Amino acid sequence: MARLPLFDSHAHMDCEHFDEDRAQVFEEIEQNLAGMINPGCDRESSLKAMEFAAKYKFVYAAVGWHPEEIARMVDEDLTLLKQWANNDKVVAIGEIGLDYYNDDNAPHPLQRQRFIEQLNIAKETGLPVILHDREAHGDILDILKNEVQGVNGVFHCYSGSVEMAKELVKMGWYFGFGGSSTFTNAKKVREVLNYVPEDRILFETDSPYLTPMPLRGKRNNPTYTELVAENAARVRGVGARRLMEVSTLNLKKLFFKIK
Ligand SMILES: [Zn+2]
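Numbering of residues starts from 1 in each chain and follows the order in which that chain's sequence is written. Per-residue local features of the predicted model are confined to residues with pLDDT of at least 70, and side-chain atom pairs are confined, for both listing and counting, to 80 or more; whole-chain, interface and lining totals are unaffected and use all residues. With hydrogens and water stripped out, all remaining heavy atoms of the structure feed into the side-chain values.

Caption draft 1: A look at the packing of helix H6 (residues 162-170) against helix H7 (residues 187-195). What counts as an axis is a line fitted to C-alpha atoms, over the stretch in contact for a helix, and the angles between N-to-C directions run from 0 to 180 degrees. Each helix is a run of H or I in the DSSP string that is no shorter than four residues. Each strand is a run of E no shorter than two, and both are numbered from the N terminus. It is the contact of H6 with H7, at a shortest axis distance of 9 Å, that shows an interaxial angle of 35°. For H6 against H7, the interelement crossing comes out right-handed. Residues Val 162, Ala 165, Lys 166 and Val 169 of H6 touch H7, and the partners they reach there are Glu 191, Val 192 and Tyr 195. Each residue is assigned to one of three groups, with Ala, Val, Leu, Ile, Met, Phe, Trp, Tyr, Cys and Pro labelled nonpolar, Asp, Glu, Lys and Arg labelled charged, and all others, Gly among them, labelled polar. Grouping the constituent residues of the contact of H6 with H7 by class yields five nonpolar, no polar and two charged. We call a crossing left-handed when the near helix sits turned anticlockwise from the far one by less than a right angle, and right-handed when that turn is clockwise. Contact between two residues is taken to exist if any of their heavy atoms lie within 4.5 Å; hydrogens are not considered.

Structure below.
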């Protein structure tokens, strides 16, 4: 198969789901895609992401503490984050954000504090961010508008409304569409997919989770970004190949360290 002009902008290859056959999956990615970004979720996975990026030319890393991991984050981690940002293949701070869906997560004020601290590191180092927003749309918008301005990035697996998307477009943000945009009940995501200007679209899988249709239920794989992009092209009524090319240009514009 020929390589597609397409990146998976969000895949967790460090996940234990890939422990059995990780090298083989990386080989499939190299054969099928232009590249991928592995975001970190804590210290260990950020280190893993950088390790993969050092080993594989087509892999880039993002580093950060995921809202679900905030309870274990310590102040010293912020110093690490700043150091890691200098790594040539660290292209973003992420994935960071707020997750109000799960009550087991750290209390909201602590999540907000760590999110703001990490956004400030992005601002200081000039890197874009990869955002996780689960049922926290209002607080995230408030923070981006009023607490830490001048940071840009992508809302990974965007789940907000068209109204919120309009505000984010004005603010310069990008939108990551993944497996959930292919689900039969994903009416709201598809409305957003239809609305979002072409130059703000990125594709992703969030592997190993959220496997796109028609493979939902199987382990996700970065090469399935193709299914996500094809679905998006159908929804927008445009050619898939060209939309893939555009999304890759968008990705390189946002994650400017990727040449
Ligand atoms: Zn993720």
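Caption draft 2: Region of interest: the environment of His 66. With respect to the helices and strands, His 66 occurs in the loop between strand S3 (59-63) and helix H3 (76-84). A 1.4 Å probe rolled over the protein chains alone gives each residue an accessible area, and that area as a share of the maximum for its type sets the label: buried under 20%, exposed over 50%, partly exposed in between. Its relative accessible area of 7% is what places His 66 among the buried residues. In sequence terms His 66 and Ile 130 are 64 residues apart; their C-alpha atoms lie 10 Å from each other. Leaving out residues up to four positions away in the same chain, His 66 has contacts with Cys 41, Glu 95 and His 132.

Caption draft 3: Quick peek at the environment of Phe 52. Mapped onto the elements, Phe 52 comes out in helix H2 (residues 43-55). With residues near it in sequence (within four places) discarded, Phe 52 still touches Met 13, Asp 14, Arg 22, Phe 26, Asn 38 and Val 59.

Caption draft 4: Highlighting the packing of H3 against helix H4 (residues 108-125). Taken N-terminus to C-terminus, the directions of H3 and H4 make an angle of 25°; their axes are 10 Å apart at the nearest point. Of the possible angle classes, the one that applies to H3 and H4 is roughly parallel. Taken as a pair, H3 and H4 cross one another with a handedness that is right-handed. Counting all contacts with H3, which are made through Leu 78, Leu 81 and Lys 82, the residues of H4 involved are Arg 114, Glu 117, Gln 118, Ile 121 and Glu 124. Its residues assigned to classes, the contact of H3 with H4 comprises three nonpolar, one polar and four charged. Throughout this description, any angle smaller than 35 degrees is read as roughly parallel, any larger than 145 degrees as roughly antiparallel, any in the 65 to 115 degree range as roughly perpendicular, and the remainder as oblique.

Caption draft 5: Quick look at the coordination of the zinc ion. Donor atoms from the polypeptide that coordinate the zinc ion comprise His 10 (NE2), His 12 (NE2), Glu 95 (OE) and Asp 206 (OD), at 2.0 to 2.5 Å from the metal. Note: metal donors comprise N, O and S atoms at 2.8 Å or less from the metal (3.2 Å for Na, K and Ca); water molecules are not included, so apparent gaps in a site are possible. A four-donor site is classed as tetrahedral when every donor-metal-donor angle falls between 85 and 135 degrees; four donors are called square planar, and six octahedral, when trans pairs exceed 155 degrees and all remaining angles lie between 65 and 115, with any other arrangement labelled irregular. Here the zinc ion binds four donor atoms, and the angle range of 83 to 173° at the metal identifies the geometry as irregular. On the primary sequence, the residues serving as donors to the zinc ion are separated as H-x1-H-x82-E-x110-D. Residue His 10 is found in the loop between strand S1 (7-8) and helix H1 (22-32), and its partner Asp 206 is found in the loop between strand S8 (201-203) and helix H8 (225-236); the two are separated by 196 residues along the sequence. For the pair shown, His 10 and Asp 206 are each scored as buried.

Caption draft 6: Representation of H4 in the model. For a helix, the expected span equals 1.5 Å multiplied by the number of residues minus one. Over its 18 residues, H4 extends 26 Å from the first C-alpha to the last, a length consistent with the 26 Å expected when each residue adds 1.5 Å. Those residues of H4 that fall on the buried side of the exposure criterion are Gln 111, Arg 114, Phe 115, Ile 116, Gln 118, Leu 119, Ile 121 and Ala 122. Where the residues of H4 are buried, they touch H3, strand S4 (90-99), strand S5 (129-134) and helix H5 (137-147).

Caption draft 7: The packing of aromatic side chains, seen in detail. Aromatic pairing here means that ring centres of Phe, Tyr or Trp (its six-membered ring) are within 6.5 Å. Orientation follows from the plane angle: under 30 degrees is stacked, over 60 is edge-to-face, and everything else is tilted. In the structure shown here, the tally under the stated rule is nine aromatic pairs. Taking the centre distance of 6.4 Å and the plane angle of 65° together, the rings of Phe 26 and Phe 58 count as edge-to-face. Placement of Phe 26 in helix H1 and of Phe 58 in the loop between H2 and S3 is noted, with a sequence separation of 32 residues between them. Relative accessible area serves as the criterion here: at 8%, Phe 58 is assigned to the buried category. Taken together through their ring pairs, the aromatic side chains of Phe 26, Phe 52, Tyr 56 and Phe 58 make up a single cluster. Only when the NZ of Lys or the CZ of Arg is both within 6 Å of the ring centre and within 35 degrees of the ring normal is a charge said to sit over the ring. Cation over ring: Arg 200 sits above Tyr 174, and NZ or CZ is 5.9 Å from the ring centre. A cation over a ring is seen here: Arg 216 above Phe 183, with NZ or CZ 3.6 Å from the ring centre.

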